[in-house]
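Chain residues, written in single-letter form:
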Amino acid sequence: LAKTTQPISMDSYEGQEVNITCSHNNIATNDYITWYQQFPSQGPRFIIQGYKTKVTNEVASLFIPADRKSSTLSLPRVSLSDTAVYYCLVGDGFGTGRRALTFGSGTRLQVQP
Amino acid sequence: KAGVTQTPRYLIKTRGQQVTLSCSPISGHRSVSWYQQTPGQGLQFLFEYFSETQRNKGNFPGRFSGRQFSNSRSEMNVSTLELGDSALYLCASRGDWKGTSTDTQYFGPGTRLTVL
């Protein structure tokens, strides 16, 4: 299973851009990279997913270099409500023999006013 | 579309007892996964069911078991509860791969289990 490594915590201020990088050296050819956000006592919420290059949605952007051994979640202009734990995970998006998805330890983002 | 629902939301049990948790996936989703979340171990995968069959299994003892019904609803059972089983148990559903779908999972709010 592809293991992911993220910073344990990050601090930011409202209005700033936050970039959280995840390392996944053993990513497999078929693996997608997915990011989730989790608030206390709630289930994780899907943020964004990508396979290569750059993906953008209304919430965030995801940058994936050509070797795919890392990825960076970019949150533009964070607000206090973005304070949460962010998980990066890799998983098998193809075939019927899906492997279990592995969540890393997550990055605790604290946004200050 | 209604999201993933889990019942009960909170549960208190004593050591040695058993517990059954329930999960109703998003309508049309046939895959249901279960996770255990604790402060010390983070989010750990328990098992995944698809069309009433266990498709994947994490590294948990046999006290943890599950099943899925024909309507895709799933139950998870933990027997002979231990103090260390106190955790937030999360259920997630997703549509299956059809060549274009990906691994987006939709999580429920979880069941907070406390073992005394």
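Residues numbered from 1 in each chain as written. Chains lettered and ligands numbered in written order. Predicted model: local features only at pLDDT ≥ 70, side-chain atom pairs only at ≥ 80, totals over all residues. Heavy atoms only, no water.

A short note on the side chain of Gln49 of chain A
Tracing the backbone through its elements, the reader meets Gln49 of chain A in strand β4 (residues 45-50). Here the side chain of Gln49 of chain A touches Thr34 of chain A through a polar contact of 2.7 Å, side chain to side chain. (Helix = DSSP H or I, 4+ residues; strand = E, 2+ residues; numbered from the N terminus. Polar contact = N/O pair within 3.5 Å; in protein donor to acceptor, adjacent residues only side chain to side chain.)

A short note on the state of the cysteines
Residue and element names in this part refer to chain B. For the structure shown, the criterion picks out two disulfides over all chains. Across the disulfide, Cys23 is cross-linked to Cys91 (sulfur-sulfur distance 1.7 Å). When the S-S torsion is -45°, as for the bridge of Cys23 with Cys91, the disulfide is left-handed. Of this pair, Cys23 sits in strand β3 (residues 19-24) while Cys91 sits in strand β9 (residues 87-94), and the two are 68 residues apart along the sequence. Exposure class is identical for Cys23 and Cys91. Each is buried. (Disulfide = S-S within 2.5 Å. Buried < 20%, exposed > 50% of the residue type's maximum accessible area, 1.4 Å probe, protein only.)

Things to note about the pairing of strand β7 (residues 64-68) of chain B
Here is the key point about a regular strand: its side chains alternate between the two faces of the sheet. All names here are of chain B. The pairing of β7 with strand β8 (residues 74-78) spans five bridges and is antiparallel. Across the sheet, the residue bridging to Gln68 is Ser74, located in β8. Joining the antiparallel neighbours β7 and β8 is a turn of five residues, in which Ser72 adopts a positive phi near 80°. (Pairing = 2+ DSSP bridges.)

Structural notes on the nonpolar core
Counting residues in each nonpolar core, the largest one holds 21 residues, and the members touching the most others are Trp34, Leu46, Phe64, Met76 and Tyr89 of chain B. Counting 20 residues, the second largest nonpolar core, distinct from the first, contains Cys22, Trp35, Ile48 and Leu73 of chain A. (Core = buried A, V, L, I, M, F, W, Y, C linked by side-chain atoms within 4.5 Å.)

Description of the sheet that holds strand β5 (residues 53-56) of chain A
Residue and element names in this part refer to chain A. One open sheet holds the four strands; their spatial order is β2-β7-β6-β5, and the pairing between them is antiparallel. Where the open sheet ends on each side, the last strands, each with one partner, are β2 (18-23) and β5. Averaged over all neighbouring strand pairs, the angle between strand axes comes to 15°, with direction disregarded. The sheet contact formed by β5 and strand β6 (residues 61-64) spans four bridges and is antiparallel. Pairing of Thr53 across the sheet is with Ile64, part of β6. (Axes fitted to C-alpha atoms, helices over the stretch in contact; angles between N-to-C directions.)

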